[in-house]
Amino acid sequence: MIYNVFPPAKELEEVVKQYVVITSLEGINSLLFLPNGCNFIVFNRGFDGHTEIYNDDRKFPIPKGYSISVKNNKIKKFVVEEDSSHKIKFPLILAELTPIGFYKLFNKDASILKNDYLEIEESIKEKYFKDLYTHASIKEELEYLNSSLNMLHLSQDNKYMCIQDVIDKIINTYHFEVSVKKLLEEFNCSRSKLEREFKKIIGLTPKNFIYISKFCKTVVSYIEDDCCFSEMEYLYSDHSHMNAVFKKFFGLNPSIVFDDVTNKKIRIYQLQKLNIN
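Residues numbered from 1 in each chain as written. Predicted model: local features only at pLDDT ≥ 70, side-chain atom pairs only at ≥ 80, totals over all residues. Heavy atoms only, no water.

**Side note on the sheet that holds strand S8 (residues 76–80)**
- Strand order in this open sheet of 3 strands is S6-S5-S8, and the pairing throughout is antiparallel. Edge positions in the sheet fall to strand S6 (59–61) and S8, since each of these pairs with one other strand and no more. Between one strand axis and the next, the sheet turns by 25 degrees as a mean value, whatever way the strands run.
- Of the pairings in the sheet, the one linking strand S5 (residues 49–53) to S6 comprises 3 bridges and is antiparallel in character. The partner of histidine 50 across the bridge, within S6, is proline 61. (Pairing = 2+ DSSP bridges. Helix = DSSP H or I, 4+ residues; strand = E, 2+ residues; numbered from the N terminus. Axes fitted to C-alpha atoms, helices over the stretch in contact; angles between N-to-C directions.)

**Concerning the packing of aromatic side chains**
- Per the counting criterion, the structure on display carries 19 aromatic pairs.
- Aromatic pair phenylalanine 43 and tyrosine 66: ring centres 5.1 Å apart, planes at 85 degrees, arrangement edge-to-face. Residue phenylalanine 43 is located in strand S4 (residues 39–43), and its partner tyrosine 66 is located in strand S7 (residues 66–68); the two are separated by 23 residues in the primary sequence.
- Taken together through their ring pairs, the aromatic side chains of Tyr54, Tyr211, Phe215, Phe246, Phe249, Phe250 and Phe258 make up a single cluster. (Phe/Tyr/Trp six-rings, centres within 6.5 Å; stacked < 30°, edge-to-face > 60°.)

**Digging into the nonpolar core**
- Ranked by internal contacts, the top residues of the largest apolar core, which has 52 residues, are Ile41, Phe43, Phe106, Phe129 and Leu149.
- When sequence neighbours within four positions are dropped, the list of residues in contact with isoleucine 41 reads Ser67, Ile68, Ile93, Leu94, Ala95, Leu97, Leu105, Phe106, Ile120 and Leu149.
- Membership of the second largest hydrophobic core comes to 40 residues, among which are Ile75, Tyr103, Phe258 and Ile266. (Core = buried A, V, L, I, M, F, W, Y, C linked by side-chain atoms within 4.5 Å. Buried < 20%, exposed > 50% of the residue type's maximum accessible area, 1.4 Å probe, protein only. Contact = heavy atoms within 4.5 Å.)

**Some remarks on helix H9 (residues 254–262)**
- Listed as buried for H9 are Pro254, Val257, Phe258, Asp260 and Val261. Mapping the buried residues of H9 onto a view down its axis gives an arc of 160 degrees, with all of them on the same face.
- Turning to H9, the residues buried within the fold contact helix H7 (206–223), helix H8 (239–250) and strand S11 (267–268).
- Phi for lysine 264, located one or two positions after H9, is positive at around 60 degrees. (Arc of directions from axis to C-beta.)

Following this line, the structure appears as structure tokens:
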């Protein structure tokens, strides 16, 4: 899959992580999406396909219209049906949401995304997205999406939520090396309340969010930042621990995964750099 990624407008940074502009589906079957608490708005232009769990038989059909992608704790890949690949119009645009982005934009319980895509309601599509794919350039398309998503965001009358402080602590203070118990003490919150808020707003438990985010950060740092294991011991206690985590997600040892990435047998979406031009 050939694509570029672009940052959102500043006012959307808490809900949109980046835009993905796809210009070719060549090699799409080798591209893997690591779980990191994020998911996508898929602005489909009619292709037939599904999301598939890596090393698993589970498949989630992608609606032909605009939809919100599945969010769970599994590695996923997009699969396009061969008989529809020649009909696809490019570019295709995805909006990668932040962990809280879906809830902030649509005011819906994020746990409904666990097992299925969610089609965007016709009234929302008509009000906010009806002119997508009508502009002369990618720049104009993204400016339109920035404006539309910001209006949708403002329509929900969102207020700052405590869970945003919790996520900030997990990522920027503790670098994913924190227990739920420690968070409960720091934020003076009950376990049931914190878990309820995480499931509602992110669609994952706090323990799962930390677990998958730490795994994603490990893979990216190990490969993209060229970190050796000794520099990353704060993430996993030893080699056997890291091996066990990789086997749980990939079904393979880290060394095999890294060889497959080096040899381009698999590509990992999160390893891509932002294109800010």
